[in-house]
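Each chain is listed here by its residues.
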Amino acid sequence: MSKPSGKNIDIREVDSKKALKVFIRVPWSIYKGDPHWIPPLLMERKEAFSSKHPYFKHAQWKAWIAYQDGIPVGRVSAQIDELHQQRYNNKTGFFGLIEAPDDPAIFSALFETAENWLRQKGMQQIVGPFNLGINQEVGVLTEGFDTPPCVMTSHSPRYYGASIEKCGYQPAQELLAYELDIHTYTTPSTKQELIDRTAGRIKVRQLNRKTMEADFEVMRDIFNDAWQDNWNFVPFTREEFLAIGKELLTVVPNDFLQIAELDGKPAAFIAMLPDINMAIADLNGRLLPFGWAKLLWRLKVRFPKRCRIALMGVRKKYQNTIFGPAMAFMVVDSVLVPGLSRGSQQVELSWILKQNKPTRNMIEKFGGKITKRYHMYSKSLV
């Protein structure tokens with residue numbers, strides 16, 4: 001199926017395995033001259049878009065490729081998340097995976113196609129980019145173009161924000177990435193005061209691989225409770241979180257996954273990831289035939305100098321008590337020490353909503369500095 005849209009632009013639906021391969025490969029042409037772009041692992045991308053992925057048990061999607069004079073030059077997706085609809089009932093669909101050259105006609109043709117599909121499905125608003133859901137990669141980079149993206153975060157050309165706004169979109173949310181220098185990190189004095197006041201009631205332990213599934217379920221439950229009031233929050237399903245957890249355990253040390261217990265009951269957790277991007281940058285997306293060996297060797301012998309705290313949460317009932325910040329400080333400390341022992345020098349904490357003052361204040365007390373900004377965009381479809 002194709003749709004002409006001027007300048008010899010055809011928008012074609014991704015409706016086969018062959019088309020999906022082309023879809024996945026589009027970014028290679030967009031970022032050809034960008035030294036900071038990290039090619040994603042092709043194997044991982046195929047799995048992310050597989051119908052067997054847990055995300056698609058509660059979401060439907062369509063994807064399209066823009067062809068210009070027969071050459072694939074851009075792409076976009078549109079998604080409807082049933083869990084989002086159940087929670088908000090606001091007839092909002094998502095766009096994602098947007099990639100295109102600096103050409104208004106191509107952006108316009110891609111967005112028009114995605115918007116029309118969502119309208120046909122009864123959606124009245126579109127928000128994005130979500131690649132593909134709120135618990136995956138999100139946002140368009142608007143500041144911090146001069147450094148590579150951290151693991152599981154997005155990278156964008158400078159013109160993307162303006163190009164999206166020219167298609168009628170408005171900024172809907174700003175997301176921040178902070179960076180913390182581990183080797184110069186000192187524990188805030190506030191932390192010791194909180195520990196003294198909680199009188200040893202908090203214990204922090206690392207993930208136990210023997211009870212891995214139970215520990216992942218504890219972490220999922222805490223995350224869903226902690227972030228339930230966050231912007232566009234959609235809960236992790238058990239299958240999604242377990243799939244992510246099992247994938248992480250191939251490259252994440254046990255002591256990078258920590259659970260805090262208050263009076264013996266799980267109440268907070270943290271997950272820090274080695275920045276795999278630093279290890280795969282020169283693999284050009286391929287793990288075969290020798291990429292796996294290179295990746296595992298690098299993680300063992302030259303552990304990445306940067307990590308990312310990607311998941312963290314404190315149960316909602318403790319967030320406005322002395323236990324909330326005490327547990328937050330303690331779980332952060334619990335992963336920074338093993339990160340430093342492996343030679344890591346920086347930790348990225350992302351993403352943080354701009355209006356999330358409590359979390360931002362805590363990160364800034366640790367010495368974190370904003371290094372990247374991302375925007376989410378929205379548009380009415382009526």
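Residues numbered from 1 in each chain as written. Predicted model: local features only at pLDDT ≥ 70, side-chain atom pairs only at ≥ 80, totals over all residues. Heavy atoms only, no water.

Another point: the overall build of the protein chain. Secondary structure assignment for the protein chain yields 12 helices and 16 strands. For 382 residues, the compact-globule formula gives about 21 Å, and the C-alpha radius of gyration of the protein chain, at 21 Å, lands near that figure. For the protein chain, the C-alpha atoms occupy an extent of roughly 70 × 45 × 35 Å along the three principal directions. Long-range contacts, defined here as pairs at least 24 residues apart, represent 77% of the contacts in the protein chain between residues at least 6 apart. Taken as a whole, the protein chain presents about 17,400 Å² of accessible surface, with 52% of it coming from carbon and sulfur. (Helix = DSSP H or I, 4+ residues; strand = E, 2+ residues; numbered from the N terminus. Rg over C-alpha atoms; globule rule 2.2 N^0.38 Å. Contact = heavy atoms within 4.5 Å. Areas by Shrake-Rupley, 256 points an atom, 1.4 Å probe, with all protein chains shown as cover.)

Per the counting criterion, the structure on display carries 24 aromatic pairs. Each ring, one from Tyr55 and one from Phe56, has its centre 5.3 Å from the other, and the planes form 75°; the classification is edge-to-face. Classification of Tyr55 as buried rests on a relative accessible area of 1%. Among the aromatic residues, those joined into a cluster by ring pairs are Phe23, Phe49, Tyr55, Phe56 and Trp61. (Phe/Tyr/Trp six-rings, centres within 6.5 Å; stacked < 30°, edge-to-face > 60°. Buried < 20%, exposed > 50% of the residue type's maximum accessible area, 1.4 Å probe, protein only.)

Our focus in this paragraph is the nonpolar core. Looking at soluble globular proteins, one finds that nonpolar side chains tend to be buried together. Residues Phe216, Met219 and Met327 are the most contacted members of the largest nonpolar core, which totals 67 residues. A per-element tally of this core places helix α11 (residues 323–341) first, with 10 residues. If we skip the residues at most four places from it in the chain, Met219 touches Leu207, Phe241, Leu257, Ile259, Phe269, Ile270 and Ala271. Listed in part, the 50 residues of the second largest apolar core include Trp64, Ile65, Ile106 and Phe111. (Core = buried A, V, L, I, M, F, W, Y, C linked by side-chain atoms within 4.5 Å.)

When pLDDT drops low, the exact placement of atoms in the prediction is not to be read closely. Looking at the protein chain as a whole, its pLDDT mean stands at 92, while 97% of the residues score no less than 70. The low-confidence segment residues 1–6, where pLDDT is below 50, has 15 contacts with residues more than four positions distant or belonging to other chains. (pLDDT = per-residue confidence, 0-100.)

In contact at an axis separation of 12 Å, α11 and helix α12 (residues 357–366) are set at 50° when each is read in the N-to-C sense. Viewed along their axes, α11 and α12 adopt a mutual orientation that is oblique. In the crossing of α11 with α12, the sense of the turn from one axis to the other is right-handed. Every residue of α12 that contacts α11 at Ala328, Phe329 and Val332 is listed here: Met362, Lys365 and Phe366. (Axes fitted to C-alpha atoms, helices over the stretch in contact; angles between N-to-C directions. Parallel < 35°, antiparallel > 145°, perpendicular 65-115°, else oblique. Left-handed = near helix turned anticlockwise from the far one by under 90°.)

The subject of this paragraph is empty space enclosed by the protein. Under the counting rule described, the total for this entry stands at 2 cavities of 30 Å³ or more. If you add up the space inside the largest cavity, you get close to 50 Å³. Where the lining of the largest cavity is concerned, the elements lending two or more residues are α7 (212–226) and α8 (238–248). The element contributing the most residues to the lining of the largest cavity is α7, with 4 residues. Classifying every residue of the lining of the largest cavity by side-chain character gives 3 nonpolar, no polar and 4 charged. In this model, the second largest cavity occupies a volume close to 40 Å³. Every residue lining the second largest cavity is listed: Phe216, Met219, Phe241, Ile244, Gly245, Leu248, Leu257, Ala271 and Leu311. Mapped onto the lining of the second largest cavity, the elements with two or more residues apiece are α7 and α8. Broken down by element, the lining of the second largest cavity gets its largest block of residues, 4 residues, from α8. Taken together, the residues of the lining of the second largest cavity sort by class into 8 nonpolar, 1 polar and no charged. (1 Å grid on protein atoms, 1.4 Å probe; cavity = no way out; pocket = protein on both sides within 12 Å on 5 of 7 lines; lining within 4 Å. Points joined across faces, edges and corners; volume = space filled by probe spheres on them. Nonpolar A, V, L, I, M, F, W, Y, C, P; charged D, E, K, R; others polar.)

Attention now goes to the side chain of Asp215. Following the sequence through the fold, Asp215 ends up in helix α7. A distance of 2.9 Å separates a polar atom in the side chain of Asp215 from the backbone nitrogen of Asn208. Contact partners of Asp215, with chain neighbours within four places excluded, come to Arg205, Leu207, Asn208 and Ile259. (Polar contact = N/O pair within 3.5 Å; in protein donor to acceptor, adjacent residues only side chain to side chain.)

Attention now moves to the pairing of strand β3 (residues 59–68). Across the 10 residues that make up β3, a large majority, 7, are buried. Note: strand β2 (residues 9–13) against β3, 5 bridges, orientation antiparallel. Bridged to Glu13 within β3 is Trp64. Where β3 and strand β4 (residues 71–81) come together, 10 bridges link them in antiparallel fashion. Residue pairing for β4: Ala66 is matched across the bridge by Gly74. Here β3 folds back onto β4 in antiparallel fashion, the turn holding 2 residues, of which Asp69 has a positive phi close to 50°. (Pairing = 2+ DSSP bridges.)

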